[in-house]
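Given next are the chains, with one letter for each unit.
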2 protein chains.
Amino acid sequence: MTVHDNGTIMTTDTHTGSESFTDYVSARRVEIEAALDRVLPRPPVCPALVAEAMRYAVGSGGKRLRPILTLAAADVVASAARPASAAAVQEAWLQAMPAACAVELIHTYSLVHDDLPAMDNDNMRRGRPTLHVIYGDGLAILAGDGLLAEAFALLAHEPCDAGRPQLTERKLRVMGRVGQAVGAGGMLGGQAMDLEYTGRITAPHHPLPPLDADTLRDMHARKTGALIRAAATSGAIMAGATPAQVNAIDAFAGEIGLAFQIVDDILDVQGSSVDLGKTAGKDRATGKVTYPAMHGLDRSREMAADSIARAEHALVSAVLPSGHLMNIARWVVERRC
Amino acid sequence: MTVHDNGTIMTTDTHTGSESFTDYVSARRVEIEAALDRVLPRPPVCPALVAEAMRYAVGSGGKRLRPILTLAAADVVASAARPASAAAVQEAWLQAMPAACAVELIHTYSLVHDDLPAMDNDNMRRGRPTLHVIYGDGLAILAGDGLLAEAFALLAHEPCDAGRPQLTERKLRVMGRVGQAVGAGGMLGGQAMDLEYTGRITAPHHPLPPLDADTLRDMHARKTGALIRAAATSGAIMAGATPAQVNAIDAFAGEIGLAFQIVDDILDVQGSSVDLGKTAGKDRATGKVTYPAMHGLDRSREMAADSIARAEHALVSAVLPSGHLMNIARWVVERRC
């Protein structure tokens, strides 16, 4: 399987059921982008400029990996139920879609804020100028905040649960997981560690433990892994997964998240700026410690492959069908952007 | 009643039941600050520096007006129920406390981001250096994000609803309201308007309608009113308010929010930096259009008083007891900081 620089996939398809993975990803991406368009606020509900800025950030394409993972996890759980039916899978997607959109909004918020001059100072993202380059830092901060707030409003608001208290309860569990994944214990804690370890916080320092392999793994688990885990488990929960199924999908997604970040580090060394749609070679230039820098390229590739093997094991142990989850895992490691 | 510069209140007390308003505010403030301390993340759950930055922002005192309003609204709704009991009021507070904390975390996040150089560029807040002055812009952005994320995680997570589906459903309604209040349609939309009208967004402008009295009111309703309304209605909802009661408290809080912002504008003209704990005269220096600038000081004072009268009318119309809500309304207009 090969992933092209526009995010489309050319693959020796692994067929699962009646639909190829390429078709599956394309179809889900269309649904997700339509749903995102529906949920983003517009005037007169909100001022025109902030609405435009939020849409610019969300509309810049991207792989939509996280929301596709949400839907694929819902799919697998619904397929594992007995009796399984196509209608049940459709219903699971419907219930998981707000979470899928919320996770993508949150991912987009994190890119907008990470790209700011006060953070990673990136001027290009997905082949276009970053938000702050166009609208200035102030509006970019606000638009990022808006994406984060909208994600939670969306999780709370979708009114498709009248008279179904179990859906209300699932939503609340999803929101708790997503909130934890985003917060100081998760994604933004990882970004804070990154700022510290690259010397971009100059004021009252805490003594930092040395950036050894465990700390690097912890930083990556927070920065990338936490939201990918929340994406997958949200889909599973909304589809009515058992606690054992949620745990298995959580373990699966944790491994995928690690592999994703290792591959990100490798692509920064090996990829071209054109393929990546952002500046390659940036990690080294900014003094970031990465998997290739710490373990070498070959060992990093092995570690990503090991993660994928453990991800598969997690599904098998819980007697979950793989569905398209393992195709997503392979996509993560074989991508070029 | 007089509010001193440290936020304490000297008042010709209006007694309601057995407790004076001064005692009520002091007691609620202690409870709220203890709860905030419990819910803020700490190492090893999150990196030490971001935890410290979040605590610095939240721990800087302040009036705690919004969470006190949440608890007072819960109180009024519980007192209006028949049969009312002290135990029912206590239970309403307990259920409303996560929402009270969440609203204060969100208010604090908004101050941290608004103070950034890319926004209002304030170096002092509540008599202390602002967060970005100490930790740099990058960590201040992240700590603000963290407060926002933590607020939603908190709303979702408090586990005091086992087996009580109506509480789960109330929480979800609260989260939806809070999410809308924070988002592009609410608070941060208002801040975006503020940036636009003071010429701090230089890139692709939308034609702005002239900043007339209606637009100024709309901007204030978003910037200040939306979260104050969400604070009050959250308390009411968690206490089991009827739709009519929620609407009345929403109308009450909308008026309080407007009065609050008018008084803020007046204090910026008339207050001293020492009293305010932040730079006075800033609105004029940055070219902000304010109530005194548009309507004059005397008329602005009248407008604030009119709002308070309408706030009282909203409660009376819904046959709600005033409880301490009208004391809070008077506090809002009579404060000095």
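Considerations on the overall build of chain A
Now for step 1: For chain A, the count of helices and strands is 14 helices and four strands.
Now for step 2: The C-alpha atoms of chain A give a radius of gyration of 19 Å, which matches the 20 Å a tight globule of 337 residues would have.
Now for step 3: Along the first, second and third principal axes, the C-alpha atoms of chain A reach 55 × 50 × 40 Å.
Now for step 4: Looking at chain A as a whole, 55% of its 337 residues qualify as buried.
Now for step 5: Contacts spanning at least 24 positions in sequence make up 73% of the contacts within chain A whose residues lie at least 6 apart.

Some words on the interface of chain A and chain B
Now for step 1: Taken together, the contact pairs 56 residues of chain A with 56 residues of chain B.
Now for step 2: Contributing elements (two or more residues each) for the side of chain A that touches chain B: α2 (48-58), α5 (131-157), α6 (165-182) and α7 (187-197) of chain A.
Now for step 3: Per-element tally for the side of chain A that touches chain B: the top contributor is α5(A), with 17 residues.
Now for step 4: For the side of chain A that touches chain B, the per-class residue count stands at 34 nonpolar, 15 polar and seven charged.

Some thoughts on the environment of Val133(A)
Now for step 1: The topology assignment puts Val133(A) in helix α5.
Now for step 2: Separated by ten residues in sequence, Val133(A) and Asn123(A) place their C-alpha atoms 6.5 Å apart.

Describing the packing of helix α9 (residues 243-270) of chain A against helix α14 (residues 325-334) of chain A
All names here are of chain A.
Now for step 1: Close contact between α9 and α14 brings their axes to 8 Å; oriented N to C, the two are set at 20°. Relative to α14, α9 is oriented roughly parallel. In this structure, α9 crosses over α14, and the sense of that crossing is left-handed. Taken together, the residues of α14 that come into contact with α9 (itself represented by Phe 252, Ile 256, Ala 259, Phe 260 and Val 263) are Leu 325, Ala 329, Val 332 and Val 333.
Now for step 2: In terms of residue class, the contact of α9 with α14 is built from nine nonpolar, no polar and no charged.

Notes on the relation of the copies chain A and chain B
Now for step 1: With an RMSD of 0.0 Å, chain A superimposes on chain B once it is rotated by 180° and translated 0.0 Å along the axis. What we have between these two chains is a two-fold relation.

Here we look at the packing of α7(A) against helix α8 (residues 213-238) of chain A
Residues and elements named next belong to chain A.
Now for step 1: Two elements in contact, α7 and α8, have axes separated by 7 Å at closest approach and are oriented at 150°. In terms of orientation, α7 and α8 fall into the roughly antiparallel class. Crossing of α7 over α8 shows left-handed handedness. Here α7 contributes Met 187, Gly 189, Gly 190, Gln 191, Met 193 and Asp 194 to the contact with α8, which in turn contributes Met 219, Arg 222, Lys 223, Ala 226 and Leu 227.
Now for step 2: Residue composition of the contact of α7 with α8, grouped by class: five nonpolar, three polar and three charged.

Here we look at helix α7 (residues 187-197) of chain B
Each turn of an α-helix holds 3.6 residues, which means side chains three or four residues apart point in the same direction.
Residues and elements named next belong to chain B.
Now for step 1: Taken across its eleven residues, α7 has ten buried, putting it largely inside the fold.
Now for step 2: Among the residues of α7, those classed as buried are Met 187, Leu 188, Gly 189, Gly 190, Gln 191, Ala 192, Met 193, Asp 194, Leu 195 and Glu 196.
Now for step 3: Of the residues one or two after α7, Gly 199 is the one with positive phi, at around 70°.

Remarks on the confidence of the model for chain A
Now for step 1: Within chain A, residue pLDDT values average 88, and 90% of them lie at 70 or more.
Now for step 2: Low confidence marks residues 1-16 of chain A, where pLDDT is under 50. Its contacts with residues over four positions away, or in another chain, come to 37 contacts.

Topic: unusual backbone geometry
Now for step 1: Of note, the amide linkage connecting Arg82(A) to Pro83(A) takes the cis form, showing an omega dihedral of -5°.
Now for step 2: Here Pro83(A) lies in the loop between α3 (65-80) and α4 (86-114).
Now for step 3: In this structure, Asn121(B) takes a positive phi of about 55° despite not being glycine.
Now for step 4: Checked against the element boundaries, Asn121(B) lands in the loop between α4 (86-114) and β3 (124-125).
Now for step 5: Unlike most non-glycine residues, Arg126(B) shows phi in positive territory, near 50°.
Now for step 6: With respect to the helices, strands and loops of the structure, Arg126(B) is situated in the loop between β3 and β4 (128-129).
Now for step 7: The class of Arg126(B) is partly exposed, set by 18 C-beta atoms lying within 10 Å.

Concerning the environment of Arg229(A)
Residues and elements named next belong to chain A.
Now for step 1: Mapped onto the elements of the fold, Arg 229 is located in helix α8.
Now for step 2: On the neighbour-count criterion, Arg 229 (25 C-beta atoms within 10 Å) is buried.
Now for step 3: Spatially, the C-alpha atom of Arg 229 lies 8.1 Å from that of Phe 252, the residues being 23 residues apart in sequence.

Looking at α14(A)
Now for step 1: Within α14(A), seven of the ten residues are buried, leaving the element largely enclosed by the surrounding structure.
Now for step 2: Listed in full, the buried residues belonging to α14(A) are Leu325(A), Met326(A), Asn327(A), Ile328(A), Ala329(A), Trp331(A) and Val332(A).

Parameters at a glance
Residues numbered from 1 in each chain as written. Chains lettered and ligands numbered in written order. Predicted model: local features only at pLDDT ≥ 70, side-chain atom pairs only at ≥ 80, totals over all residues. Helix = DSSP H or I, 4+ residues; strand = E, 2+ residues; numbered from the N terminus. Rg over C-alpha atoms; globule rule 2.2 N^0.38 Å. Buried ≥ 20, exposed ≤ 12 C-beta atoms within 10 Å, placed from the backbone. Contact = placed C-beta atoms within 7 Å. Nonpolar A, V, L, I, M, F, W, Y, C, P; charged D, E, K, R; others polar. Axes fitted to C-alpha atoms, helices over the stretch in contact; angles between N-to-C directions. Parallel < 35°, antiparallel > 145°, perpendicular 65-115°, else oblique. Left-handed = near helix turned anticlockwise from the far one by under 90°. Least-squares fit on C-alpha atoms with pLDDT ≥ 70 in both. pLDDT = per-residue confidence, 0-100.

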